[in-house]
Amino acid sequence: MSSDETPPYWLLISVLFSSQPLTPSLAMTLHQTAYELHERGEGARDVAGDMLSGKVRNLRKDVALGGIAGPAFEADIETERGSGVVRFILTRQGLEMMRQQPATPPRPKYLN
């Protein structure tokens, strides 16, 4: 896999529960937010996207489900389909893949 390719979301997160169907875009947004929380040791962060708003919380515990294990997270989300809850883990394989990717420069923040 080249450095400009993003790994598929199913390698990065394992969804334990979702009260709403997850699109690939929603799964990747949740993954990126959870990954940043995990790497920085933070407890919670707001998340927003084109059709998403909510909060992701780091549950600060590891969960194992069969052969998949990793840190656990929970998100309360609002989408065009309404509100929902998603519980998921960052997979160990996904964490390793993310750590091997070169750091990308931060996006500029624009004032409106």
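Please read all numbers here as calculations on a predicted model, not as lab measurements.

What counts, and at which threshold
- Residues numbered from 1 in each chain as written.
- Predicted model: local features only at pLDDT ≥ 70, side-chain atom pairs only at ≥ 80, totals over all residues.
- Heavy atoms only, no water.
- Helix = DSSP H or I, 4+ residues; strand = E, 2+ residues; numbered from the N terminus.
- Buried < 20%, exposed > 50% of the residue type's maximum accessible area, 1.4 Å probe, protein only.
- Contact = heavy atoms within 4.5 Å.
- Expected span 1.5 Å × (residues − 1).
- Axes fitted to C-alpha atoms, helices over the stretch in contact; angles between N-to-C directions.
- Parallel < 35°, antiparallel > 145°, perpendicular 65-115°, else oblique.
- Nonpolar A, V, L, I, M, F, W, Y, C, P; charged D, E, K, R; others polar.
- Pairing = 2+ DSSP bridges.
- Patch = residues over 30% accessible without salt bridge, like charges linked within 9 Å, V, L, I, M, F, W, Y side chains within 5 Å.
- Areas by Shrake-Rupley, 256 points an atom, 1.4 Å probe, with all protein chains shown as cover.
- Salt bridge = Lys/Arg side-chain N within 4 Å of Asp/Glu carboxyl O.

### Some points on the overall build of the chain
Part 1 of the reasoning: Within the chain, the regular secondary structure consists of three helices and five strands.
Part 2 of the reasoning: The helix and strand sequence of the chain, counted from the amino end, reads α-β-α-β-β-β-β-α.
Part 3 of the reasoning: Taking all 112 residues of the chain together, 31% fall into the buried category.
Part 4 of the reasoning: A separation threshold of at least 6 residues defines the contact pool for the chain, and within that pool the share at least 24 residues apart is 44%.

### Some remarks on helix α2 (residues 24-40)
Part 1 of the reasoning: In this model, α2 (17 residues) spans 24 Å end to end at C-alpha, consistent with the 24 Å of a helix rising 1.5 Å per residue.
Part 2 of the reasoning: Of the positions making up α2, those classed as buried are Leu26, Ala27, Leu30, His31, Thr33, Ala34, Tyr35 and Leu37.
Part 3 of the reasoning: Two residues or fewer after α2 comes Gly41, characterised by a positive phi angle close to 70°.

### Concerning the packing of α2 against helix α3 (residues 92-100)
Part 1 of the reasoning: At a minimum axis distance of 12 Å, the contact between α2 and α3 shows a crossing angle of 80°. With respect to each other, α2 and α3 are oriented roughly perpendicular. Contacts between α2 and α3 involve His31, Gln32, Tyr35, His38 and Glu39 from the first element and Leu95, Met98 and Arg99 from the second.
Part 2 of the reasoning: Residues belonging to the contact of α2 with α3 are distributed by class as follows: three nonpolar, three polar and two charged.

### Regarding unusual backbone geometry
Part 1 of the reasoning: Despite not being glycine, Arg60 has its phi angle at roughly 55°, a positive value.
Part 2 of the reasoning: Position of Arg60 among the secondary structure elements: in strand β3 (residues 52-65).

### Some details on the pairing of strand β4 (residues 68-79)
Part 1 of the reasoning: Pairing between β3 and β4: eleven bridges, direction antiparallel. Paired with Arg57 across the two strands is Glu74, which belongs to β4.
Part 2 of the reasoning: The turn linking β3 back onto β4 is made up of two residues, and Gly66 within it adopts a positive phi angle of 65°.
Part 3 of the reasoning: Note that β4 and strand β5 (residues 82-90) share eight bridges and pair antiparallel.

### A few points about a nonpolar patch on the surface
Part 1 of the reasoning: Together, Leu16, Phe17 and Leu65 make up an exposed nonpolar region whose accessible area comes to about 260 Å².
Part 2 of the reasoning: Along the chain, Leu65 falls in strand β3.
Part 3 of the reasoning: On the accessibility criterion, Leu65 (47% relative accessible area) is partly exposed.

Everything listed here is a matter of geometry and, on its own, says nothing about what the molecule does.
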